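# Coordinates in review
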Amino acid sequence: MESIWTLGSRGVAEYAPLDGDTEVDVAILGAGITGLTTALALGEAGLKVMVLESATVGAGVTGGSTGNLYSTLASGQAPLRQKWGDKVAAEVVQARDKAVAHIEALVDRLGIDCRFQRLPAYRLLTEDRQHTRHNLNDELDALISAGLDAEMAEGPRLPFDSWGIRIANQAQFNPLHYLQGLANALLGEGVVIHQHSPVREIDADKGLVWTDTACVAAKHIVQATHTPKGISLLQAGMLVSREYALGARLRSGDYPEGIIWLLDPLHSLRSYRHGEDRYLVVVGEKHKTGEHHGDHYQMLREYLESRFDVEAFTHQWSAQQYSSPDGLPYIGRMHGHDNLYMATGFAADGLVWGTLAGILISDQILGHDNPWQARFGARRITPGKSAMQYARENVIVTKHMVKDYLGTEKLDDFAAIEPGQGRVASVDGEKLAIHRTPEGELKVLSAVCPHLKCIVHWNTSESTWDCPCHGSRFDTSGEVIEGPAYHPLARPKGLD
Ligand code: FES
């Protein structure tokens, strides 16, 4: 099943994968919201821009997002205020507000049909009003203090009792249709987009980017890849997680409007209309990438059925999140290289952060001052606000290294792997990632992640190999789906 955003997909003029060496002003890796927002600003400024996408436009996390656009953070305004204080919490809201307005202006100017609409957001409780562990008063106070139009309110037309906070004037759209609209506008600006062109190496000193078949020389290299490729110190402090989404039709035909965060426990809801058909979208069951606890889609189905009269489940998809050590994204020039840029640490709020990243990075390349560059800069160092998460994530990585290297069970016979199953096992001393397709074909790869040598884990919900250390993910043929790894899982030595 695909994401609901593929309904009525418009497609993008097909460019063949890059197959010859070339020279550009700016090479952008990734055709998600960060990459295409950056590309549009630079293309319109007259620079020669090339976008290299490993799959297709929007196939990564943008196309797997919620389509919700909001000025606060999904994790709440009060925790942000507590960590950073009033001034920074208000700056975050102002910057995100500006990014949502940027999207709205582009939709308008380029005539992108992506169902953009202004709607309220809700943070709601459903349990006994007298006995709640969430302090909504703090949250409301933080939202108002940051300049948002928020008030206590009942929930919007839900089939169960709910109450909480209503935040006016937020927005929703179809993220994939938006990207396809941006991509088609870019082609008119002379920007070249090469799909199916994964980047295998960057040499920032020489300003070179390699795919499997070609080399691009670029004055500026933008890693719009959700997390920087290769090795970066920041990866050591990122919390990498996955979240799941379902689309469903309801018997009642009554679909709630707005961005709805149910807080007990955290799930997000929204509705979507395609033609005459309406759908409810639910997102939740978040877990750390590479640490799986059963069938996450089934858990989400059960959650939705416990609250709504579901007629049919129609879509399912998932997406990855990188939560930064100090709670704010890292955007712009990287340490050590003035020609290399990144954008990461968007947590669950990537559509708006990605748009802001496109604005900030294009401003840096064009030499325009931007008041947000210092606040969200990729070179900032904030030990007082990030040390805890660095320490926690490094303990987790070390634990995985020790447990996965010492604790992998031995396998004597591949016949033990059932159709549809995946398992990591030791065979002749080598750690192997072994999968049998539902049709019975056996696929055997090295289980050693090519990024920094952790052992990948099988993800039953998505039939992928996921690395618990920094979130690289691989398909059953070993190809990189996302994450910092440049290269696919290797073929095992014994089978070469
Ligand atoms: Fe870093 Fe796998 S993603 S070791």
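Scroll up to find the structure this text is about.
Residues numbered from 1 in each chain as written. Predicted model: local features only at pLDDT ≥ 70, side-chain atom pairs only at ≥ 80, totals over all residues. Heavy atoms only, no water.

Structural remark: α-helix, 3.6 residues per turn; residues separated by three or four positions point the same way. Among all positions in helix H3 (residues 136–145), only Leu136, Glu139, Leu140, Ala142 and Leu143 are buried. Buried residues of H3, seen end-on, are gathered within an arc of 165° and therefore sit on one face of the element. Looking one or two places after H3, you find glycine 147, whose phi comes out positive at around 100°. (Buried < 20%, exposed > 50% of the residue type's maximum accessible area, 1.4 Å probe, protein only. Helix = DSSP H or I, 4+ residues; strand = E, 2+ residues; numbered from the N terminus. Arc of directions from axis to C-beta.)

Let us now look at the environment of glutamine 170. Structurally, glutamine 170 is set in strand E6 (residues 163–172). Sequence spacing of glutamine 170 and threonine 355 is 185 residues, and the spatial spacing of their C-alpha atoms is 15 Å. Among the polar contacts listed, one links the side chain of glutamine 170 to the backbone nitrogen of serine 71, at a separation of 2.7 Å. At 2.9 Å, the side chain of glutamine 170 forms a polar contact with the backbone oxygen of alanine 168. (Polar contact = N/O pair within 3.5 Å; in protein donor to acceptor, adjacent residues only side chain to side chain.)

Time to look at the side chain of histidine 220. Relative to the assigned elements, histidine 220 resides in strand E10 (residues 215–223). Apart from residues lying up to four places away in sequence, histidine 220 is in contact with Asp25, Val26, Ala27, Asn339, Tyr341 and Ile365. (Contact = heavy atoms within 4.5 Å.)

Further remarks concern the environment of isoleucine 4. Of note, isoleucine 4 is situated in the segment before strand E1 (22–29). C-alpha separation for the pair isoleucine 4 and arginine 109, spaced 105 residues apart in sequence, amounts to 25 Å. The contact partners of isoleucine 4, leaving out residues within four places of it in the chain, are Gly247, Tyr272, Tyr279, Val281, His315 and Trp317.

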